[in-house]
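What follows is the residue order along each chain.
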Amino acid sequence: MLTKECARQVIEEIIALYPNVETVLNYRNNYELLIAVMLSAQTTDIAVNKATVKLFERFPTPESVTHASPAEIEPYIQSIGLYRNKAKYMFQCCQQLVEKYSGEVPNNRKDLESLAGVGRKTANVILSVGFGIPAFAVDTHVSRVCKHHDIVPAKATPRQIEDYIISILPPELLTQAHQSIIFFGRNICHPRNPQCENYPQLYCCQEHI
DNA sequence: AACTCGGGGCA
DNA sequence: TGCCCAGAGTT
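Fair warning: this is a prediction, and the values are worked out from it, not measured in the lab. (Residues numbered from 1 in each chain as written. Chains lettered and ligands numbered in written order. Predicted model: local features only at pLDDT ≥ 70, side-chain atom pairs only at ≥ 80, totals over all residues. Heavy atoms only, no water.)

Peer 1: It is not clear to me how the UniProt feature "domain: HhH-GPD" (unreviewed entry) in chain A should be interpreted in this structure. Could you clarify?
Peer 2: Those places that UniProt annotates as "domain: HhH-GPD" (unreviewed entry) correspond, in this numbering, to residues 39-187. For residues 39-187, the helix share is 66%, the strand share is 0%, and the end-to-end C-alpha distance is 21 Å. (UniProt positions renumbered as here; feature names shortened; annotations may be inferred. Helix = DSSP H or I, 4+ residues; strand = E, 2+ residues; numbered from the N terminus.)

Peer 1: Explanation requested: the side chain of His149 in the structure shown.
Peer 2: You can see His149 is positioned in the loop between helix H9 (140-148) and helix H10 (158-168). In contact with His149, other than residues within four places in its own chain, are Leu2, Phe184, Cys189, Cys196, Leu202 and Tyr203. (Contact = heavy atoms within 4.5 Å.)

Peer 1: Just to check I follow, could you spell out the domain arrangement of chain A for this structure?
Peer 2: Reports often express the size of an interface as the amount of accessible area lost when the parts come together. When its domains are assigned, chain A resolves into domain 1 (4-21 + 135-203) and domain 2 (30-131). Centre-to-centre separation of domain 1 and domain 2, based on C-alpha positions: 26 Å. Counting residues at the interface gives 11 residues for domain 1, matched by nine residues for domain 2. Taking both partners together, domain 1 and domain 2 bury about 790 Å²; carbon and sulfur atoms supply 54% of that area. Sorting the residues of domain 1 by area buried against domain 2 places Ala135, Ala137 and Glu162 first, and these three jointly supply 43% of that buried surface. One salt bridge in this structure joins Arg186 and Asp45, with 2.9 Å as the shortest N-O distance. The tally of links from domain 1 across to domain 2 stands at four residue pairs in polar contact (both at pLDDT 80 or more). Of all elements in the fold, only H10 and helix H11 (174-187) reach the threshold of two or more residues within the side of domain 1 that touches domain 2. The leading source of residues in the side of domain 1 that touches domain 2 is H11, at four residues. Partitioned by chemical class, the residues of the side of domain 1 that touches domain 2 number four nonpolar, three polar and four charged. (Domains from an automatic or database assignment. Buried area = accessible area lost by both parts, 1.4 Å probe. Salt bridge = Lys/Arg side-chain N within 4 Å of Asp/Glu carboxyl O. Polar contact = N/O pair within 3.5 Å; in protein donor to acceptor, adjacent residues only side chain to side chain. Nonpolar A, V, L, I, M, F, W, Y, C, P; charged D, E, K, R; others polar.)

Structure (structure tokens):
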């Protein structure tokens, strides 16, 4: 495993490679962001991006969702898989938003994680990307990149990775680190055939614990 | 801790 | 065309 200093350096190099990537794109408000991230669970978000164009035309607000039903949501998200669950989560989540939070997306972890279909990863994305609150969302891309580059042990859980990254990075870097690492994981450090070797700068720091 | 939900992408 | 990918909830 890399030392903390070395791990921080590798992450800063990944940020330098992709300094301004926005992996969560084209969402106009935190309602759209929340739903889009929620729908992304176990799915490629390219598929989610396509589906959400028409989805948000039909359901522009939480209120508009509560006036419909899960069955009315399903046709819009059939292409993304697990769609019955997700239609149900989206409906219940919007009911909660309207009933408990005046139709606004809450800005703290406890309330976010109380919403249907919202777990720790989704909550962290909303906090960091939606509200600019220091938080670090660990999905399988982040997990793979961190393990492949020996930043964390191979057996580390998402929560352990989250806590470790927060302990080695300054808070103001967390959101961009998340987005840059995801971009790197999606496009270069693939699950199969990772091409990280083409990025020798990532290996400059070889200091291990 | 194991199981379930379901499609798209790629070899 | 069969294998692999990607989180949250439930039991």
